[in-house]
Amino acid sequence: MNTPRETVLRFLAAPTDVGTGNQVHTGRILEWIDKAAYAQAAVWSGGYAVTAYVGNVRFSRPIEAGELVEVSARLVHTGSTSMHIQCDVRACDPVTLDYRHCAECLVVFIAVRAGRPTPVRSWRPASRLEVHESDEAVMRIALRKDIEDAMAVQTYSDAGTAPRSALRFLAAPGDVNWGGNVHGGRIMSWIDDAANLCATHWSGTPCTSVYAGGVRFYHPVKIGHVVEVEARLLHTGHETMHVSVHVRSGEPTSPDRVLTTHCLAVCAALGPDLRPTPVPHWTPLTEEDRALDQHARHLIRLRGRGRVDGPERVGAERVGAERVGAERVGAERVGAEQREPTEVATVL
């Protein structure tokens with residue numbers, strides 16, 4: 001029997017999933033994505049797998065409580081031990097079943113046996129669309145390396161004056177994954193919380209995530225450990241804020257903390273009508289502030305390398321970042337700034 005290369009989860013968005021207004025918290029959407037991707041990775045590898053990287057997370061439409069949600073996770077490339085999985089989130093009124101695209105990202109899982117990476121079966125694309133998706137995943141390996149290298153050389157110290165927010169708590173038993181550590185999706189939800197808290201403090205308005213990238217998992221977070229999530233503003237655009245987030249954890253009996261996860265998120269400020277609204281401009285003051293502001297601009301240009309040209313994905317749900325309409329929450333600003341590097345010098 002052929003092993004399926006796609007897993008689809010389908011369920012109703014519950015009132016407990018809501019963040020702003022009646023809209024589902026973007027952190028909860030990230031948890032759904034990670035669970036669907038894990039299910040597909042486990043099916044393909046035949047065992048346990050860990051989240052290694054999450055990139056190019058784009059939110060294109062909010063999801064409301066009561067909507068029918070469909071999260072698909074599709075294998076698009078395999079390495080020696082890795083599985084690259086494209087995830088798409090759609091939602092609709094359960095009466096009309098008119099699905100609309102809400103979010104997408106690429107997740108990389110590593111198959112693990114006895115605590116060490118283990119080889120996975122190779123997958124070879126057959127159709128034109130499969131070849132395109134695989135090529136795009138391969139292209140993103142090099143892009144991911146460039147983003148990781150750019151993020152790794154940055155300095156974050158007390159010399160910076162940028163606004164920052166911090167969360168501190170214990171990793172609870174309810175956060176556990178199938179391997180006994182904290183679920184990657186839960187960590188991404190914490191990152192989303194911290195980024196939005198930092199953005200909300202600066203803008204003075206409710207905020208929502210429109211993009212997250214470079215989510216790199218370095219070490220697992222263990223149940224019972226103290227978790228510290230620090231978010232720091234790097235750069236402001238017209239309606240957006242670029243926020244760097246570091247997650248550290250360690251034994252509660254020790255002051256030592258290990259960096260477990262790092263990423264950059266882009267948040268949009270929302271007005272009373274829950275539409276994007278301008279944010280106060282932040283001016284870097286110190287050398288470190290200016291270096292990190294330039295770092296955020298550099299990442300915009302790297303992301304602007306975008307997708308491999310090829311066939312459109314099947315179905316209207318694959319409009320992704322190109323579908324900018326009345327429902328788009330702030331992401332149009334991010335896209336415009338990625339397309340126009342000259343504007344970046346003064347805006348995003």
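Residues numbered from 1 in each chain as written. Predicted model: local features only at pLDDT ≥ 70, side-chain atom pairs only at ≥ 80, totals over all residues. Heavy atoms only, no water.

Enquirer: Could you clarify how one ought to interpret the overall build of the protein in this entry?
Expert: On a plain count of helices and strands, the protein comes out with six helices and 11 strands. Counting all 348 residues of the protein, 55% fall into the buried class. For the protein, long-range pairs separated by at least 24 residues make up 76% of all intrachain contacts whose partners lie at least 6 apart in sequence. (Helix = DSSP H or I, 4+ residues; strand = E, 2+ residues; numbered from the N terminus. Buried < 20%, exposed > 50% of the residue type's maximum accessible area, 1.4 Å probe, protein only. Contact = heavy atoms within 4.5 Å.)

Enquirer: I keep staring at the pairing of strand β9 (residues 226-236) and nothing clicks. Help me out?
Expert: Side chains on a regular strand alternate between the two faces of the sheet. Counting buried positions along β9 gives nine out of 11 residues, so the element sits mostly inside the fold. Across seven bridges, strand β7 (residues 164-170) lies against β9 in antiparallel orientation. Residue pairing for β9: Ser 165 is matched across the bridge by Ala 231. Pairing geometry for β9 and strand β10 (residues 240-250), over 10 bridges, is antiparallel. Each bridged residue has a counterpart across the sheet, and for Leu 233 the counterpart in β10 is Val 243. (Pairing = 2+ DSSP bridges.)

Enquirer: How should I be thinking about the pattern of salt bridges in this particular structure?
Expert: Any two side chains of opposite charge can pair if their charged atoms end up close together. For the structure shown, the criterion picks out 20 salt bridges. A salt bridge links Glu 70 to Arg 10; the nearest nitrogen and oxygen atoms lie 2.6 Å apart. Taken together, the positions of Glu 70 in strand β3 (residues 68-78) and Arg 10 in strand β1 (residues 6-12) put the pair 60 residues apart, joining distant regions of the chain. The class of Glu 70 is buried, set by a relative accessible area of 11%. The network of salt bridges with common partners includes Asp 17, Arg 28, Glu 31, Asp 175 and Arg 186. (Salt bridge = Lys/Arg side-chain N within 4 Å of Asp/Glu carboxyl O.)

Enquirer: Which parts of the structure should I look at to understand the packing of helix α1 (residues 26-45) against helix α3 (residues 184-203)?
Expert: Helix-helix packing is characterised by the crossing angle of the two axes and by the distance between the axes. It is the contact of α1 with α3, at a shortest axis distance of 8 Å, that shows an interaxial angle of 160°. Between α1 and α3, the interaxial angle falls into the category roughly antiparallel. In this structure, α1 meets α3 at a crossing whose hand is right-handed. Side by side, α1 and α3 meet where Thr 26, Gly 27, Arg 28, Leu 30, Glu 31 and Asp 34 of the first sit next to Gly 184, Gly 185, Arg 186, Met 188, Ser 189, Asp 192 and Asn 196 of the second. For the contact of α1 with α3, the residue count by class is two nonpolar, six polar and five charged. (Axes fitted to C-alpha atoms, helices over the stretch in contact; angles between N-to-C directions. Parallel < 35°, antiparallel > 145°, perpendicular 65-115°, else oblique. Left-handed = near helix turned anticlockwise from the far one by under 90°. Nonpolar A, V, L, I, M, F, W, Y, C, P; charged D, E, K, R; others polar.)

Enquirer: What exactly am I supposed to notice about the packing of aromatic side chains here?
Expert: Centre distance and the angle of the planes are the two values used to describe a pair of aromatic rings. Taken as a whole, this structure holds four aromatic pairs when the rule is applied. The cationic tip of Arg 90 hangs over the ring face of Tyr 99; the distance from NZ or CZ to the ring centre is 4.2 Å. Looking at Arg 144, its charged tip hangs above the ring of Tyr 53, at a distance of 4.9 Å from the centre. (Phe/Tyr/Trp six-rings, centres within 6.5 Å; stacked < 30°, edge-to-face > 60°. Lys NZ or Arg CZ within 6 Å of the ring centre and 35° of its normal.)

Enquirer: What's the story with the environment of Arg 305 in this structure? I'm lost.
Expert: With respect to the helices and strands, Arg 305 occurs in the loop between α4 (287-303) and α5 (331-339). Excluding residues within four positions of it along the chain, Arg 305 makes contact with Ala 142, Leu 143 and Asp 146.

Enquirer: I keep staring at the confidence of the model for the protein and nothing clicks. Help me out?
Expert: A low pLDDT means the predicted coordinates there should not be read in detail. Averaged over every residue, the pLDDT of the protein is 86; the share at 70 or more is 87%. Across residues 312-348 the pLDDT falls below 50, and counting only partners more than four positions away or on other chains, this stretch makes 93 contacts in the model. (pLDDT = per-residue confidence, 0-100.)

Enquirer: Sorry if this is basic, but what is going on with the nonpolar core here?
Expert: Here is a general trend for soluble globular proteins: nonpolar side chains tend to be buried in one another's company. Within the largest apolar cluster, 64 residues are counted, with the highest numbers of intra-cluster contacts made by Ile 29, Ile 63, Met 83, Val 89, Phe 109 and Val 245. Among the elements that line this core, the one with the most residues is α1, at 10 residues. Filtering out sequence-adjacent residues up to four positions away, Ile 63 remains in contact with Ala 13, Asn 22, Gln 23, Val 24, Ile 29, Trp 32, Val 69, Val 89, Ala 91 and Cys 102. If you look at the next biggest cluster of nonpolar residues, it comprises 14 residues, including Val 210, Leu 264, Ala 268 and Leu 302. (Core = buried A, V, L, I, M, F, W, Y, C linked by side-chain atoms within 4.5 Å.)

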